[in-house]
Protein chains: 4
Amino acid sequence: MEKWDSNEGTSAFHMPEWMIQFADQKQEFNKRPTKIGRRSLSRSISQSSTDSYSSAASYTDSSDDETSPRDKQQKNSKGSSDFCVKNIKQAEFGRREIEIAEQEMPALMALRKRAQGEKPLAGAKIVGCTHITAQTAVLMETLGALGAQCRWAACNIYSTLNEVAAALAESGFPVFAWKGESEDDFWWCIDRCVNVEGWQPNMILDDGGDLTHWIYKKYPNMFKKIKGIVEESVTGVHRLYQLSKAGKLCVPAMNVNDSVTKQKFDNLYCCRESILDGLKRTTDMMFGGKQVVVCGYGEVGKGCCAALKAMGSIVYVTEIDPICALQACMDGFRLVKLNEVIRQVDIVITCTGNKNVVTREHLDRMKNGCIVCNMGHSNTEIDVASLRTPELTWERVRSQVDHVIWPDGKRIVLLAEGRLLNLSCSTVPTFVLSITATTQALALIELYNAPEGRYKQDVYLLPKKMDEYVASLHLPTFDAHLTELTDEQAKYLGLNKNGPFKPNYYRY
Amino acid sequence: MEKWDSNEGTSAFHMPEWMIQFADQKQEFNKRPTKIGRRSLSRSISQSSTDSYSSAASYTDSSDDETSPRDKQQKNSKGSSDFCVKNIKQAEFGRREIEIAEQEMPALMALRKRAQGEKPLAGAKIVGCTHITAQTAVLMETLGALGAQCRWAACNIYSTLNEVAAALAESGFPVFAWKGESEDDFWWCIDRCVNVEGWQPNMILDDGGDLTHWIYKKYPNMFKKIKGIVEESVTGVHRLYQLSKAGKLCVPAMNVNDSVTKQKFDNLYCCRESILDGLKRTTDMMFGGKQVVVCGYGEVGKGCCAALKAMGSIVYVTEIDPICALQACMDGFRLVKLNEVIRQVDIVITCTGNKNVVTREHLDRMKNGCIVCNMGHSNTEIDVASLRTPELTWERVRSQVDHVIWPDGKRIVLLAEGRLLNLSCSTVPTFVLSITATTQALALIELYNAPEGRYKQDVYLLPKKMDEYVASLHLPTFDAHLTELTDEQAKYLGLNKNGPFKPNYYRY
Amino acid sequence: MEKWDSNEGTSAFHMPEWMIQFADQKQEFNKRPTKIGRRSLSRSISQSSTDSYSSAASYTDSSDDETSPRDKQQKNSKGSSDFCVKNIKQAEFGRREIEIAEQEMPALMALRKRAQGEKPLAGAKIVGCTHITAQTAVLMETLGALGAQCRWAACNIYSTLNEVAAALAESGFPVFAWKGESEDDFWWCIDRCVNVEGWQPNMILDDGGDLTHWIYKKYPNMFKKIKGIVEESVTGVHRLYQLSKAGKLCVPAMNVNDSVTKQKFDNLYCCRESILDGLKRTTDMMFGGKQVVVCGYGEVGKGCCAALKAMGSIVYVTEIDPICALQACMDGFRLVKLNEVIRQVDIVITCTGNKNVVTREHLDRMKNGCIVCNMGHSNTEIDVASLRTPELTWERVRSQVDHVIWPDGKRIVLLAEGRLLNLSCSTVPTFVLSITATTQALALIELYNAPEGRYKQDVYLLPKKMDEYVASLHLPTFDAHLTELTDEQAKYLGLNKNGPFKPNYYRY
Amino acid sequence: MEKWDSNEGTSAFHMPEWMIQFADQKQEFNKRPTKIGRRSLSRSISQSSTDSYSSAASYTDSSDDETSPRDKQQKNSKGSSDFCVKNIKQAEFGRREIEIAEQEMPALMALRKRAQGEKPLAGAKIVGCTHITAQTAVLMETLGALGAQCRWAACNIYSTLNEVAAALAESGFPVFAWKGESEDDFWWCIDRCVNVEGWQPNMILDDGGDLTHWIYKKYPNMFKKIKGIVEESVTGVHRLYQLSKAGKLCVPAMNVNDSVTKQKFDNLYCCRESILDGLKRTTDMMFGGKQVVVCGYGEVGKGCCAALKAMGSIVYVTEIDPICALQACMDGFRLVKLNEVIRQVDIVITCTGNKNVVTREHLDRMKNGCIVCNMGHSNTEIDVASLRTPELTWERVRSQVDHVIWPDGKRIVLLAEGRLLNLSCSTVPTFVLSITATTQALALIELYNAPEGRYKQDVYLLPKKMDEYVASLHLPTFDAHLTELTDEQAKYLGLNKNGPFKPNYYRY
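Nothing here was measured: the structure is a model prediction, and the numbers come from that model.

## A word on the overall build of chain A
And then number 1: Assigned secondary structure in chain A consists of 18 helices and 15 strands.
And then number 2: Looking at chain A as a whole, 59% of its 508 residues are labelled buried.

Next up, the structure:
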């Protein structure tokens with residue numbers, strides 16, 4: 001029965017096949033996946049940050065020497081060699097990147113300031129495995145300022161910004177990461193973070209679950225000292241729920257992926273802008289008057305629809321869920337089946353998290369010049385494989401843009417080969433990354449300082465009050481002024497003046 | 001800790017003071033409240049339906065005779081006198097109202113059609129206490145078509161449409177209700193529904209909790225045969241949670257107030273339109289270029305802000321919750337404290353559910369001609385009492401419009417004396433009432449047919465699948481075509497092809 | 001050839017048939033038209049002001065005595081009897097109406113203030129023929145403050161507010177008007193304004209052209225002393241262009257109808273709000289998800305489409321002009337022929353100025369419950385006459401709302417019998433009337449003070465600089481702060497610092 | 001007086017200083033301007049097309065040989081050497097670019113089809129001077145298909161796509177243009193188009209006026225045979241009005257720059273999209289919640305404001321013209337002076353056509369990180385020169401992005417050094433270029449076929465009917481269906497069924 005029941009966090013969670021398959025496949029993570037496989041292991045919204053504003057720098061080191069960092073002898077200016085990066089000499093350049101990112105991550109900077117008196121992470125030994133970007137660096141240095149010791153590896157073999165890694169190593173962080181790691185390098189780096197003489201982690205910050213699994217496999221005893229895991233990604237969170245369900249989770253874990261603030265920014269607000277950006281950068285098309293079908297009216301679909309409608313497109317929506325479907329109607333979109341409009345639309349956008357939403361049959365019926373792209377969770381939404389047949393010609397017309405040409409000359413414009421448009425063809429604003437990083441920092445503080453017994457060996461959502469705190473730290477960016485409850489009002493509403501302000505089931 | 005915990009449905013529910021006070025006061029419900037008190041007992045979105053489209057008719061019977069219906073002898077055309085209405089002769093007129101309402105409540109009509117084969121409510125004996133309007137009549141006759149026997153009283157002493165009550169009585173429904181009941185009449189009518197020779201209810205449909213409480217007080221033994229309670233109002237639901245918490249709830253109860261579909265329509269979609277309607281009907285003002293402050297950015301506030309922004313107003317928002325505040329920022333509204341803008345705005349709208357959000361101090365600082373109104377939960381949001389002082393002159397310039405005049409000549413335009421603008425000065429579309437009524441019908445079916453043990457003596461939310469079903473029944477109104485999952489897709493997503501499609505915590 | 005050529009103001013003007021026919025018919029204006037005819041003579045945006053905010057008062061005098069004002073002996077408190085109104089005793093009530101209107105017409109009040117030093121209309125003897133409402137009273141009293149003497153009649157036999165007329169008479173204005181004049185009364189009143197011992201007008205302010213024509217017919221010699229005509233209505237302007245073309249215009253005339261500011265407010269801004277208001281007040285419908293077709297994408301159509309789209313309706317547009325059609329596309333509306341969508345839409349709105357845009361054939365194909373209304377220029381857009389056939393039943397369900405019922409039970413909801421929805425079923429905000437009145441006042445000042453030779457016997461548009469001045473007088477309402485050009489910038493742009501700021505052909 | 005007067009096309013035109021200065025400077029066009037000067041000579045919306053979708057190709061030839069095309073001997077496959085391009089061997093590549101452009105220029109393709117029967121340009125000898133891009137090639141080949149002979153030069157020394165020029169040369173068009181011409185080359189190319197044995201132009205298609213002036217200076221006698229000039233740019237049009245005013249214009253000229261359709265697309269529709277695109281590509285910023293001030297509320301400002309508001313920005317507007325200011329208010333923007341908000345905004349956008357709108361004083365007061373950019377007519381709107389002072393540091397952080405750093409560390413983000421953002425940092429959609437090219441083609445047809453006497457030695461706007469025709473040719477792109485007037489309706493409206501549908505002064 002559908003009340004908010006006790007094990008909802010775990011058992012009531014949908015167990016989609018793609019997650020199960022994926023998790024199974026991950027059990028064999030000692031085997032060496034192909035690079036493609038590797039890449040798909042990590043959900044990585046920040047992956048695109050390799051392309052981001054402050055990182056023009058990184059384009060310059062492509063001509064670097066080819067020696068593996070593992071074979072190099074490097075020391076930072078203080079004489080330490082407890083790190084492994086591409087080139088320690090790039091540190092200064094990376095430092096500038098970090099400084100620019102600091103300007104746009106006021107919440108973490110505010111945390112640092114508050115930490116000048118007390119050190120909520122004093123004694124914390126955090127091992128981390130995330131994308132290594134300027135924004136991550138701001139997070140790591142904030143954790144340091146809060147009292148923590150950190151060791152860090154990359155969660156993705158491609159996404160490391162070498163200059164940033166160098167800057168972190170230079171300022172004393174044991175970082176093990178570079179752009180273009182092999183699979184073997186990948187696990188070697190993780191191991192170097194964990195397997196250290198005289199240092200044992202008591203906190204884990206993970207993005208994708210690889211670090212967590214490595215410790216499970218290789219150093220299960222470490223969990224005795226570990227106070228908790230903070231996990232950011234969909235995939236990693238799912239693995240944790242599985243462990244919990246199987247009774248194998250041996251420390252508390254915090255699912256920061258599903259916190260309200262992070263969700264809204266990752267999906268609704270970010271996609272509302274990146275759909276336009278991604279389409280423009282790839283095709284220079286005009287939105288006005290174009291007919292668009294958006295498959296799926298969840299947060300991502302809502303963002304895409306709102307943006308395109310505002311730009312003068314005519315938007316149709318497909319949905320399987322009648323509640324979301326009714327929302328689409330009330331928001332002014334015609335709800336159709338894909339077949340009804342497939343011949344007439346200029347753009348097809350998938351936002352479902354489902355597979356084979358756009359099939360070969362649909363692709364066959366599209367009109368000449370139709371643009372097809374994916375904003376959803378996985379790269380299976382468009383059945384791209386079905387287009388790899390002899391009678392169709394593929395023509396790469398631009399980076400991330402393919403023309404698929406039918407025998408009669410019809411061209412379909414496929415973006416990013418069906419992978420996520422917003423990650424491939426636009427960038428994630430630092431502000432969105434700031435929200436994620438702040439959420440991670442607060443989750444670490446909470447787990448590290450929680451009194452005995454508050455958290456059991458289970459997966460938890462970020463306490464709503466902390467979620468609210470993340471939001472409040474970002475309000476000054478907008479010069480936004482929050483109203484405070486009077487004592488009388490707080491009593492009337494039965495609320496604490498400092499929150500939380502809403503019941504857990506509130507929908508925002 | 002903030003996971004979706006087991007007793008969230010009950011204990012985690014905020015226990016605001018105004019509810020507690022109210023509930024206390026209700027313990028003495030045998031005493032005779034004043035009429036004002038009476039009116040505030042019932043949350044009643046449909047109350048405004050006295051003013052609605054199809055009911056122009058009701059204005060005509062104001063010159064009716066003054067004999068109390070309790071003193072009249074009336075029979076319907078089949079000879080039955082098991083009812084008590086104002087005037088059975090108005091039945092034909094009421095029937096036309098019902099027929100018009102039927103046209104706009106396709107979901108209930110669809111339920112009737114499906115019920116031609118099976119009768120899911122066969123054997124059900126439902127006692128109901130709701131507003132008695134054409135829309136309610138469509139609900140009652142649908143319940144009848146589904147196999148139920150019904151007896152009905154009004155949940156509000158003013159809201160009954162006498163013609164509709166007559167029409168129901170004429171077609172055989174034992175209805176006990178008229179417009180302008182006394183308090184004594186009110187309880188008498190409820191008692192006549194319940195206290196019958198040879199008939200005992202096994203289901204309760206309540207709106208406000210008065211019927212439920214009456215049975216608790218007077219006929220507690222009846223609960224032995226009662227399979228469940230369906231409650232629609234905020235107040236009634238709160239009482240049920242209190243009973244549950246106190247261990248005194250002796251049957252399962254369904255909280256239909258918080259179902260997703262109903263909530264979205266009662267708040268976001270309905271208010272998006274009614275804020276414009278209410279302001280226009282009362283003041284004929286122009287929205288373009290006006291500066292407006294909206295206090296509170298929940299669903300109601302979101303609806304008001306979106307509508308006014310779309311009409312060219314410049315909208316400021318106040319909030320206490322940082323998450324909602326951040327949403328306001330991302331939606332393009334400046335987040336301010338009320339004091340910052342109070343001197344410059346043309347309109348002040350409260351949507352908080354809080355008290356004294358607009359104080360006398362604010363009112364003193366507003367500019368000449370400023371319009372003040374309330375779209376929130378209670379009539380305490382604006383401190384209207386503070387305006388009842390000798391130095392201020394009140395001038396009624398129109399129905400629902402007062403000018404409050406300061407000694408220096410400044411006029412504040414107060415709408416509906418601070419009561420709910422959308423209920424007082426606009427109407428609720430039948431489509432919104434259709435969603436509520438369908439939700440009620442499905443909740444009755446579910447509780448009545450649930451296998452032993454599915455529901456305990458607790459308060460439940462409508463199963464998500466049923467919530468989805470309500471939505472799906474309303475899609476044909478928009479000629480909306482839902483997509484069905486393929487088997488392969490359902491397996492991939494780990495979903496049943498017929499839903500539910502989302503986890504409980506999904507935020508929509 | 002299509003340059004901005006010399007006689008564009010007159011000869012290049014389209015000469016639509018309905019204007020020609022109408023004008024012809026008007027040649028016989030001595031004959032007594034039917035009341036219906038009379039009403040349609042005057043374009044009257046302010047006609048609806050009988051229903052407006054400040055005029056609740058007027059509802060009370062319906063039970064007045066039936067003596068014709070022409071047969072009454074009335075004197076104002078100063079002993080004058082040079083007026084003819086319904087009841088001079090209502091003056092005080094009317095005065096309050098005028099005072100409220102003054103608060104919302106800041107531009108005229110500002111003109112009065114500036115006039116304290118100089119009197120730009122000193123010596124002006126203005127004869128006027130307009131709707132007589134509180135807003136007109138503010139205009140008349142402003143003209144008085146500027147130095148003019150005025151005599152006034154009503155341009156419409158129904159639209160006079162008797163209290164306001166009484167208030168004007170009481171304060172010394174010779175006003176000849178009451179609600180419910182006969183045709184004979186109508187011309188008698190006009191004659192009483194013009195045909196006076198020892199007073200001869202030197203300026204005409206007209207709305208519809210009846211006053212102007214009366215003088216042409218009866219007192220052509222008066223034109224020797226008349227310095228100019230200010231005309232507000234489409235019809236009146238057209239008559240003037242005809243006179244000009246025929247070489248019969250013997251004084252300069254100012255077409256204030258086509259000034260930019262007035263046009264935008266009468267059409268785009270006003271209709272954007274009144275379409276929603278008119279639909280809600282008549283039908284209480286919900287806009288979200290409704291399918292609407294708007295016929296015509298001029299300023300009125302643009303306003304309607306924008307408003308409905310913002311409220312979540314799905315809007316289709318029909319157009320004959322490819323440029324407007326392309327605009328509709330770029331604004332996100334599907335451009336269709338009416339036949340393509342007539343079966344599926346929930347609402348049909350005409351905004352064309354054309355005739356028979358919605359034909360009986362269309363009406364036959366609409367779905368049950370479809371709402372049909374007209375926002376365009378004339379009442380011929382919907383072929384209402386075609387619905388007056390024996391097989392169709394008309395049912396008046398509300399004021400301004402008819403159900404037209406087909407033999408199979410299908411009901412079409414026809415609003416205002418096809419007349420203008422915004423005038424019949426909503427109100428015109430005082431702010432819009434303020435813009436019109438200010439434009440009229442400035443046009444009178446300009447014509448009265450223009451040096452010999454600036455204006456010939458032709459029809460002129462309001463000088464752009466004056467149009468800009470009208471706008472600037474209304475900016476303080478929005479607390480809007482205009483930027484001034486520096487000397488350097490003015491030189492760079494080749495502009496005078498005080499305007500005009502745009503070439504004549506600028507499109508805004 | 002402000003009626004649509006006879007010489008409005010010429011004399012009433014504002015004569016801004018920057019145009020006069022510029023024109024003066026142009027009198028000496030034989031002298032060799034600097035490259036910067038050269039570039040600013042031509043208004044060039046299509047200039048940015050070097051960056052456009054279909055032109056990825058052009059990036060490849062940067063390593064080309066350095067021999068001047070003037071020194072090369074090249075022949076096309078048919079043996080002709082009457083052309084001068086960078087490298088005839090690139091023709092095939094250029095042909096593909098042209099084919100792709102053809103797909104997006106359906107209006108020109110439709111013209112070709114209609115020309116299969118008659119050749120409206122048979123006998124026309126057109127000399128052209130425009131940007132040479134794939135879109136221009138589609139225009140030229142269309143003119144050829146319509147019967148014309150063409151010779152072509154580039155109007156800008158940088159904007160030629162070499163492959164396209166090669167493809168045109170290969171298919172027989174005498175083209176004289178390459179990317180990176182010297183000033184001397186520039187005039188040499190023009191001369192080679194004009195000064196040919198046995199061929200004399202009878203039509204001119206110009207973009208910027210350089211070709212026209214060359215003929216005036218060098219071959220004034222040619223005008224005897226020339227039937228007309230079609231000019232696209234603001235600058236070129238202004239020169240023509242000057243010639244006309246001075247009585248020196250010796251053939252009819254068509255100002256296609258000011259046609260309605262072209263204006264709306266160049267300004268409103270194009271900028272509505274390119275403001276977002278330009279900001280994203282340069283800064284990856286998030287729009288939601290940002291405070292923006294837009295200087296100027298003409299078409300460009302309206303487009304920018306609408307887009308940013310839709311993306312959740314809070315937008316302020318500055319204006320000098322009270323009419324546009326009132327529009328801003330009614331559209332929901334606070335109208336301020338720049339000084340009032342300069343300290344708080346995150347973005348400053350100029351759209352005025354004025355100079356020094358953003359001064360050093362403003363820049364000094366902006367907050368850290370404020371983004372400053374220009375969408376207006378000229379690069380003088382932001383006083384960039386004032387930032388070239390010793391105490392400020394410039395840091396190029398990306399292509400088109402400079403940080404200007406104050407002594408206290410404050411950084412202002414200046415885009416495109418104050419030049420036009422939409423041309424520098426985004427691309428012009430082919431659809432917009434299609435509208436321009438179609439307008440040019442129709443203007444040529446009109447001038448070439450006009451009966452003797454229709455056009456005098458003056459500057460004309462495109463006949464409205466042709467403007468409408470351009471629009472109608474682009475409707476099929478949107479699958480838009482125009483409604484046709486019935487005979488009865490046309491008569492009623494006094495219109496020809498084929499248009500024109502509006503009077504000249506209609507504002508759209």
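The discussion continues.
## Observations regarding helix H7 (residues 183–194) of chain B
And then number 1: Taking 1.5 Å of rise per residue, the 12 residues of H7 of chain B would be expected to cover 16 Å, and the 17 Å separating its terminal C-alpha atoms lies within 8% of that figure.
And then number 2: Residues of H7 of chain B that are buried sit in contact with strand E1 (125–130), strand E2 (149–154), strand E3 (175–176) and helix H8 (210–218) of chain B.

## Here's the deal with the relation of the copies chain A and chain C
And then number 1: Between chain A and chain C, the superposition needs a rotation of 180° and an axial shift of 0.1 Å, giving an RMSD of 0.1 Å. Accordingly, the operation relating the two chain copies is best matched by a two-fold axis.
And then number 2: A share of 100% of the interface residues of chain A reappears at the interface of chain C, consistent with the copies meeting face to face through the same patch.

## Things to note about the sheet that holds strand E7 (residues 291–295) of chain A
All names here are of chain A.
And then number 1: In spatial order, the strands read E9-E8-E7-E10-E11-E14-E13-E12; together these eight strands make up an open sheet with mixed pairing. Edge strands, defined here as strands with exactly one partner in the open sheet, are strand E9 (334–335) and strand E12 (393–398).
And then number 2: In this structure, strand E8 (residues 314–318) lies alongside E9, joined through two bridges in parallel fashion. From the neighbouring strand, Tyr316 faces E9, where its bridge partner is Arg334.

## Looking at the UniProt feature "domain: S-adenosyl-L-homocysteine hydrolase NAD binding" (unreviewed entry) in chain A
And then number 1: The UniProt feature table records "domain: S-adenosyl-L-homocysteine hydrolase NAD binding" (unreviewed entry) at residues 267–428 of chain A.
And then number 2: Split by type, residues 267–428 of chain A is 33% helix and 22% strand. Its first and last C-alpha atoms lie 11 Å apart.

## Topic: the environment of Arg96 of chain D
All names here are of chain D.
And then number 1: Tracing the backbone through its elements, the reader meets Arg96 in helix H3 (residues 91–103).
And then number 2: A tally of 16 C-beta atoms within 10 Å means that Arg96 is categorised as partly exposed.
And then number 3: Placed 67 residues apart in sequence, Arg96 and Glu163 show a C-alpha to C-alpha distance of 9.4 Å.

## Focus: the sheet that holds strand E12 (residues 393–398) of chain B
All names here are of chain B.
And then number 1: Reading across the sheet, the eight strands line up as E9-E8-E7-E10-E11-E14-E13-E12 and stay open at both edges, with mixed pairing between neighbours. Of all strands in the sheet, those bounded by a partner on one side alone are strand E9 (334–335) and E12.
And then number 2: Pairing of E12 with strand E13 (residues 401–405), which is carried by five bridges, proceeds in the antiparallel orientation. From the neighbouring strand, Arg398 faces E13, where its bridge partner is Val401.
And then number 3: Its contacts with the sheet place helix H11 (residues 299–310) against strand E7 (291–295), strand E8 (314–318) and strand E10 (347–350), and it is angled at close to 165° to E8.

## Section: the packing of helix H16 (residues 430–449) of chain D against helix H17 (residues 464–474) of chain D
Residue and element names in this part refer to chain D.
And then number 1: Remark: H16 packs on H17, axes separated minimally by 10 Å, with the N-to-C direction vectors making an angle of 135°. It follows that H16 is oblique to H17 by the angle criterion. Crossing handedness for the pair H16 and H17: right-handed. Together, Ser434, Ile435, Thr438, Thr439, Leu442 and Glu446 of H16 and Met466, Tyr469, Val470, Leu473 and His474 of H17 make up the contact between the two elements.
And then number 2: A per-class count over the contact of H16 with H17 returns six nonpolar, four polar and one charged.

## Focus: the UniProt feature "binding site: substrate" (unreviewed entry) in chain A
All names here are of chain A.
And then number 1: UniProt records the feature "binding site: substrate" (unreviewed entry) at Thr133, Asp207, Glu232, Lys262 and Asp266, using the numbering of this structure.
And then number 2: Structurally, Asp207 is set in the loop between strand E4 (203–206) and helix H8 (210–218).
And then number 3: On the basis of neighbour counts, which here come to 29 C-beta atoms within 10 Å, the residue Asp207 falls in the buried class.
And then number 4: Topologically, Glu232 is positioned in the loop between strand E5 (228–231) and helix H9 (234–245).

## Some points on the pairing of strand E10 (residues 347–350) of chain D
Residues and elements named next belong to chain D.
And then number 1: Of the two faces of E10, the one lined by Ile347 and Ile349 and the one lined by Val348 and Thr350 are each fully buried.
And then number 2: When strand E7 (residues 291–295) meets E10, the two strands line up parallel, connected through four bridges. Within the sheet, the bridge partner assigned to Val294 lies in E10 and is Ile349.
And then number 3: Where E10 and strand E11 (residues 371–374) come together, four bridges link them in parallel fashion. Within the sheet, the bridge partner assigned to Ile349 lies in E11 and is Cys373.

## Considering unusual backbone geometry
And then number 1: Residue Pro500 of chain A is reached from Gly499 of chain A by a cis peptide bond, and omega for that bond is 0°.
And then number 2: Topologically, Pro500 of chain A is positioned in the segment after helix H18 (487–493).
And then number 3: The backbone of Glu417 of chain C shows a phi angle near 50°, a positive value even though the residue is not glycine.
And then number 4: With respect to the element layout, Glu417 of chain C can be found in the loop between strand E14 (411–415) and helix H15 (421–425).

## So, the pairing of strand E12 (residues 393–398) of chain D
And then number 1: Of all six residues that make up E12 of chain D, zero are buried, and the element is exposed over most of its length.
And then number 2: Counting the residues between successive antiparallel strands, the hairpin from E12 of chain D to strand E13 (residues 401–405) of chain D contains two residues, one of them, Gln400 of chain D, with a positive phi of roughly 70°.

## A few points about the environment of Lys218 of chain D
And then number 1: On the secondary structure map, Lys218 of chain D appears in helix H8 (residues 210–218).
And then number 2: Note: C-alpha distance between Lys218 of chain D and Asn379 of chain D (161 residues apart in sequence) is 32 Å.

## Some words on the nonpolar core
And then number 1: Formed by 636 residues in total, the largest nonpolar core has its most connected members in Leu444 of chain A, Leu444 of chain B, Leu444 of chain C together with Leu444 of chain D.
And then number 2: Dropping the residues within four chain positions of it, Leu444 of chain C is found in contact with Leu121, Ile126, Leu143, Met203, Leu205 and Val230 of chain C.

## Brief notes about the environment of Ile412 of chain D
And then number 1: Relative to the helices and strands, Ile412 of chain D is located in strand E14 (residues 411–415).
And then number 2: With 249 residues separating them along the chain, Ile412 of chain D and Glu163 of chain D place their C-alpha atoms 39 Å apart.

## Here we look at the confidence of the model for chain A
Residue and element names in this part refer to chain A.
And then number 1: Across chain A, pLDDT averages 88, with 87% of residues at or above 70.
And then number 2: Segment residues 1–15 is flagged for pLDDT under 50; beyond a separation of four residues in sequence, or across chains, it makes 43 contacts in the model.
And then number 3: Scored below 50 in pLDDT, residues 19–63 makes 79 contacts in the model with residues more than four places away or belonging to other chains.
And then number 4: As a predicted assembly, this complex carries a pTM of 0.90 together with an ipTM value of 0.88.

## A short note on the packing of helix H5 (residues 134–145) of chain D against helix H6 (residues 162–170) of chain D
Residues and elements named next belong to chain D.
And then number 1: Where H5 meets H6, the axes come as close as 9 Å, and the angle between the chain directions of the two elements is 20°. Judged by the inter-axis angle, H5 sits roughly parallel to H6. Where H5 crosses over H6, the handedness of that crossing is right-handed. Residues Ala134, Ala137 and Met140 of H5 form the contact with H6, whose participating residues are Val164, Ala167 and Leu168.
And then number 2: Taken together, the residues that form the contact of H5 with H6 break down as six nonpolar, no polar and no charged.

Rules used throughout
- Position numbers for residues start from 1 in each chain and track the written sequence from start to end.
- The naming scheme follows written order: chains are lettered A onward, ligands numbered 1 onward.
- Given that this is a predicted model, residues contribute local features only at a pLDDT of at least 70 and side-chain atom pairs are listed and counted only at 80 or more, while totals for whole chains, interfaces and linings are drawn from all residues.
- Here a helix means four or more residues in a row that DSSP labels H or I, a strand means two or more in a row labelled E, and each is numbered from the N terminus.
- Around each residue's C-beta, the other C-beta atoms within 10 Å are counted; 20 or more make the residue buried, 12 or fewer make it exposed, and counts in between make it partly exposed. All C-beta atoms are placed from the backbone.
- Any helix carries an expected span of 1.5 Å times its number of residues minus one.
- With C-beta atoms placed from the backbone, a contact is any residue pair whose C-beta atoms sit within 7 Å.
- Here the copies are matched by least squares. The fit uses the C-alpha atoms of residues with pLDDT of at least 70 in both.
- When DSSP locates at least two bridges between a pair of strands, those strands are taken to pair.
- UniProt positions are given in the numbering used here, feature names are shortened, and annotations may be inferred rather than shown by experiment.
- Every axis corresponds to a line fitted to the C-alpha atoms, with the helix fit spanning only the stretch in contact, and the corresponding angles, defined between N-to-C directions, vary from 0 to 180 degrees.
- Here roughly perpendicular refers to angles of 65 to 115 degrees, roughly parallel to angles under 35, roughly antiparallel to angles over 145, and oblique to all remaining angles.
- Two helices crossing with the near one rotated counterclockwise from the far one by less than a right angle form a left-handed crossing, whereas a clockwise rotation gives a right-handed crossing.
- Classification used: nonpolar for Ala, Val, Leu, Ile, Met, Phe, Trp, Tyr, Cys and Pro, charged for Asp, Glu, Lys and Arg, polar for all others including Gly.
- Here a nonpolar core is just a set of buried residues of the types Ala, Val, Leu, Ile, Met, Phe, Trp, Tyr and Cys, joined wherever their C-beta atoms sit within 7 Å.
- The quantity called pLDDT is the predictor's confidence in a given residue, expressed from 0 to 100.

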